[in-house]
Every structure is written in structure tokens, then in C-alpha cells.
Amino acid sequence: MPKEKIITGIDIGSTKVATTIAAVSEERISVVGVSGNIPSKGINKGNVVDIDGVVEAISASIEKAERMAGVSVSKAFVTVNGSHIENLNSHGVVAVSPNNVDSEIAKDDVARVIEAAQAVSLPTTRDIIHVIPRDFIVNSQDGIKDPVGMSGIRLEVETNIIHGSSTAVKNIIRCVNQVDIDVEELVYTGIASGEAVLTDTEKELGALLVDIGGGTTSVIAFIDGSPVHSVVLPIGGKYITSDLAIGLRSRMEDAEKIKIRLGNEALISKSSVELRKDEDFDLTEFGLEIDAVPRNMLNKIIDARLEEIFRLLSLELTKANLAGKLPAGIILTGGAASTVGMEKCAKTNLKMPVRIGSPRGVTGLIDEIQGPDSASCVGAVLYGAKLYRGTDLLSMNARRGDMKKKMGGIFDKLRSFLP
Ligand SMILES: Nc1ncnc2c1ncn2[C@@H]1O[C@H](COP(=O)(O)OP(=O)(O)OP(=O)(O)O)[C@@H](O)[C@H]1O
Ligand SMILES: [Mg+2]
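Since the structure is predicted, the reported quantities are computational estimates derived from the model, not experimental observations.

Concerning the sheet that holds strand β8 (residues 126–138)
In space, the four strands of this open sheet follow the order β7-β10-β8-β9, with antiparallel pairing throughout. A strand with exactly one partner marks an edge of an open sheet, and here the two such strands are β7 (86–95) and β9 (141–144). Going across the sheet, the axis of each strand differs from the next one's by a mean of 35°, ignoring polarity. Each of β8 and β10 (154–165) touches helix α3 (residues 166–177); the most contacted strand, β10, lies at about 75° to it.

Next up, the structure:
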């Protein structure tokens, strides 16, 4: 790799827009600019509902990160989520090119077989976001991660295809384009957060990444190192806030502050939360009808909503035939992963190991991006870095020249997932 390359990730969430700019070399991914807390406007449950509002938030987030980094950003990897996201597993098969010496499988054969796997009948209202090769089969021998250089006549691939509503996808791209930034690739939030927090061992063993944001919960299951199922549930931390607001008869802003304070206390000391659960929570600063409320009551309101999230998740696991197949357990990311009682509630309801995932794999200005709410934004950069490191930059750019406004680059995507 010739030199450092600037890679930018933009996470457009329903609560906040975050940007991470990193200088990527073969040795390290060094964060040079961040902006993690620009309030989001115009996104509801992952969908753009007000283009101007979204553009304004993206613009503010990019500007802040650019100022810190001292660079001007022209393209970025951008996250996408929302309950329009769906996935399917697809099989592709091709004959290895007869021109190849000794029937040696070349990269072009691999690209062709991936393309063959894409020949699934998706309605025109759907756009493919990721085509991820999970397993290659050469002359009926399966379990092959990288077939390039092997000898064979028949090449097959099992892929996981993640797709979304064309309109939703186009609207996100349009918003980013309006601040004069090209979308290098869209990255499903689950894939991005997975890049940032999952270990290779967890992915191999079988793990579930659950990114709980403000309005959505993005889920992705990994088995044998690759994604096998993705779904986005239309539920998130905002529902916890509104439950608290109803319970306390407070404004949403106050309920949000109370929730965050409880979450932060738990982050500082889990044991103190346990010890203080019989105490009152002081409400005097909020000017409500009451001056204090038993902490137990707040915990009960929060737990009820968390239980609902985990009940939906559990149903989804059963529906996707994943129950019992994810021994590495659940890794929680997203801002709502910091909710008080989250880890305990997940363990009790799902009866699986649970941990909160914080982004790894980056150096530099990382103070602001160490929480689980930064996983998707940092993950978008890590995803971009993987593409950059896995390919020859010049040829990659040449191929990508016109792709800025549409999905594609399957060959590039494929290469990024090859070891
Ligand atoms: N310390 C905390 N304790 C409890 N909840 C928190 C804490 N910090 C953030 N949250 C909650 O996390 C949610 C926002 O998470 P995040 O920033 O991941 O959302 P987003 O990416 O904007 O939304 P989405 O992914 O749903 O589009 C909000 O509901 C917020 O109240
Ligand atoms: Mg999010």
C-alpha cells in the first residue's frame, strides 16, 4: 500500500449523526477527526422523513470532524438501517474458465460465481447492499474460504445478500450527495458495528450482534465467520424515554436526562446501582409534580421495555432457526446498550452470554468514540479500511469511478471479504 489514505465513516442515526475520519495505512487506522453528537433531524426508524433536516445534521457533523482533522472530505462510507433491511442466502455456480492454466481458479472466476449468486429474483423496489460470500465449494469440496489459486472445474458459492428498499437507500445517498460527498459504499449498521466490536472467534463460534439505537435495533447473526441473518426491529431507546415520560408525567427531554443519568451511573459502578436500588432518585431539578421517585420504580419501567425488545429478538431468533446456534452469545452496541440493567435483562431473557461491545482496532483521537454508541460509525471506517487494504487502490478507484450514486462494486466487496 503506497501511503496513508483518508477514510471517512458517517453514521446517520435516528438520534444522532456521527462522523469518524481516519488516516489508514497498512500498520494502523488512526482517527484524526470525530464528531459524535450532532442531534439527528429528519430520520425516523432509520428512514429519511425530512431531507433538509438530515442534510443539515450531516453537514454539521462533517464540518466539525473536518475541522478537527484538518482535511476536506469528498467521499465516505455511510451506514444504513431501518426495518426495510432484509436478507437472503443464495447459491451460485459456474464452470471455471477453460482458458485458465491447470484449471486454476482466478479472481475473475470468483467474481463470476458471486455474480451468479446474485441472480435472485428481487423486486425492482429492492437494492442490494451487501453480497457476502460465506463459503466456496470447489468440485464438491466445501468449507473453502478463498478458492483463488486452487485447481477446479466447478466453482460454487454460498452467499448472504443484504438488501433494502430502493427508495430508503436512494434517500440516504441523496442526503449525503447534497453535502457534496460521494457515497463510496453503504454499510448495513449491523455489518459496521460487527466490524468494530466482534472478535474473529465470536464470529467463528456463532454470535449475535445487536445494535440498539434510538429508533431501531439492528441485528446480525454470524456463524462460521460470516453473516447468516440480518433483521432490523423498529424499536430502540426512544421508547424507553417515552415510557419514563409517561410514568413520571414529565417532558421527554427530562425523561431522557433521567435515563442517561441512570445509565451513566451504571457505567461508572454496576455494584452501586445494585446497592442503591432501594433508594429514591432525586427529581427536584426537573420541576415535576413529585420531588423524588423510588429507583425501583424507574428500573421497573425500563425493564418492561427492555423485556419487550428481548422478546421480539427471541422470536426473531426462533423464526430464523438460530436458537441454540450462537454459543458466543450476544454483543450489544448502540447508545441504548448503556441503559441501566441492559446486560442483566438480556442475560435473563435470552439465556445467552451477553457483553457490551466497544469499538476496537483504531488508534489516535479515540476518547470520544469509546462507547457502544460509536460502534457503527467506527465500524464504517473499519469496513472501508478493509476494502482499501484488500485491494489495489488504483484499480479499485478506477472501477468505482461512476459508482458513487449506486450500489455495485461486487468484485470489490467480494475481495474485501477474502482473507
Ligand atoms: N448513557 C446512556 N444511558 C441510557 N441510554 C442511552 C445512553 N446514551 C445514549 N442512550 C440512548 O441511546 C439511544 C441513541 O443511540 P444511538 O446513538 O446508537 O442511536 P442512533 O444511531 O442515532 O439511532 P438508530 O440506530 O436507531 O437510527 C437514545 O435513545 C439514547 O437515549
Ligand atoms: Mg444507530
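Here we look at the UniProt feature "domain: SHS2" (unreviewed entry) in the protein chain
Following the UniProt record, the feature "domain: SHS2" (unreviewed entry) maps to residues 7–197 here. As annotated, residues 7–197 has a helix share of 27% and a strand share of 43%, and its two end C-alpha atoms lie 19 Å apart.

Details of helix α9 (residues 295–319)
For α9, built from 25 residues, the straight-helix expectation of 36 Å at 1.5 Å per residue is met to within 8% by its first-to-last C-alpha distance of 36 Å. Taken together, the buried positions of α9 are occupied by Leu 298, Ile 301, Ile 302, Arg 305, Leu 306, Ile 309, Phe 310, Leu 313 and Leu 317. In the stretch just after α9, Asn 321 is the one whose phi turns positive, near 55°.

Re the packing of helix α6 (residues 237–248) against helix α7 (residues 252–268)
Contact geometry for α6 and α7: axes closest at 8 Å, N-to-C directions at 110°. As summarised for this structure, α6 and α7 are arranged roughly perpendicular, according to the angle between their axes. Note on packing geometry: the crossing formed by α6 with α7 is right-handed. Two secondary-structure elements touch here, α6 through Ile 240, Thr 241, Ser 242, Leu 244, Ala 245 and Leu 248 and α7 through Met 252, Ala 255, Glu 256, Ile 258 and Lys 259. Within the contact of α6 with α7, the residues separate by chemical class into seven nonpolar, two polar and two charged.

Describing the nonpolar core
Val 78, Ile 172 and Val 176 are the most contacted members of the largest nonpolar core, which has 111 residues in total. If one sorts the elements of this core by residue count, helix α11 (residues 375–390) sits on top with 10 residues. When near neighbours in sequence (up to four residues on either side) are disregarded, Val 78 contacts Ile 10, Ile 12, Ile 172, Val 176, Val 183, Leu 186, Val 187 and Ala 380.

Topic: helix α4 (residues 189–197)
Residue pairs three or four apart in sequence face the same way in an α-helix, which turns once every 3.6 residues. Counting buried residues along α4, nine of its nine residues qualify, which places the element largely inside the surrounding structure. Among the residues of α4, Thr 189, Gly 190, Ile 191, Ala 192, Ser 193, Gly 194, Glu 195, Ala 196 and Val 197 are the ones counted as buried.

Quick notes on the sheet that holds strand β18 (residues 354–356)
Read from one edge of the open sheet, five strands run β14-β13-β12-β17-β18, paired in mixed fashion. At either margin of the open sheet sits one strand with a lone partner, and together these are β14 (226–233) and β18. Pairwise comparison of adjacent strand axes, ignoring direction, gives a mean angle of 20° for this sheet.

Details of the site of ligand 1
Of all residues adjacent to ligand 1, which total 26 residues, the nearest are Gly 13, Gly 213, Gly 237, Gly 263 and Gly 335. Ranked by the residues each element gives to the shell around ligand 1, the list is headed by α7, at five residues. Broken down by class, the residue content of the shell around ligand 1 amounts to two nonpolar, 19 polar and five charged.

Comments concerning the packing of α9 against helix α10 (residues 342–350)
In helix packing, the relevant descriptors are the interaxial angle and the interaxial distance, both defined with respect to the helix axes. One can describe the packing of α9 onto α10 by two numbers: an axis separation of 9 Å at closest approach and a directional angle of 45°. On the basis of their axis angle, the class for α9 and α10 is oblique. Regarding α9 and α10, the two cross each other, and that crossing is right-handed. The residues of α10 that touch α9, namely those facing Asp 303, Leu 306, Glu 307, Phe 310, Arg 311, Leu 313 and Ser 314, are Met 342, Cys 345, Ala 346, Asn 349 and Leu 350. In the contact of α9 with α10, the residues fall into seven nonpolar, two polar and three charged.

Considerations on the environment of Pro 234
One can find Pro 234 in the loop between β14 and α6. For the pair Pro 234 and Lys 45, spaced 189 residues apart in the sequence, the C-alpha separation amounts to 6.0 Å. Those residues in contact with Pro 234 that sit more than four places away from it in its chain are Lys 45, Ser 83 and Thr 216.

A look at the environment of Leu 298
One can find Leu 298 in helix α9. Leu 298 sits 205 residues away from Val 93 along the chain, and the two C-alpha atoms are 56 Å apart. If sequence neighbours within four positions are ignored, Leu 298 has contacts with Leu 244, Leu 262, Phe 281 and Val 293.

Details of the confidence of the model for the protein chain
With 93% of its residues at a pLDDT of 70 or more, the protein chain shows a mean pLDDT of 90. When the criterion is pLDDT under 50, residues 392–419 qualifies, and its contacts beyond four places in sequence or with other chains add up to 43 contacts.

Definitions and cut-offs
- Residues numbered from 1 in each chain as written.
- Chains lettered and ligands numbered in written order.
- Predicted model: local features only at pLDDT ≥ 70, side-chain atom pairs only at ≥ 80, totals over all residues.
- Pairing = 2+ DSSP bridges.
- Helix = DSSP H or I, 4+ residues; strand = E, 2+ residues; numbered from the N terminus.
- Axes fitted to C-alpha atoms, helices over the stretch in contact; angles between N-to-C directions.
- Contact = placed C-beta atoms within 7 Å.
- UniProt positions renumbered as here; feature names shortened; annotations may be inferred.
- Expected span 1.5 Å × (residues − 1).
- Buried ≥ 20, exposed ≤ 12 C-beta atoms within 10 Å, placed from the backbone.
- Parallel < 35°, antiparallel > 145°, perpendicular 65-115°, else oblique.
- Left-handed = near helix turned anticlockwise from the far one by under 90°.
- Nonpolar A, V, L, I, M, F, W, Y, C, P; charged D, E, K, R; others polar.
- Core = buried A, V, L, I, M, F, W, Y, C linked by C-beta atoms within 7 Å.
- Near = placed C-beta within 6 Å.
- pLDDT = per-residue confidence, 0-100.

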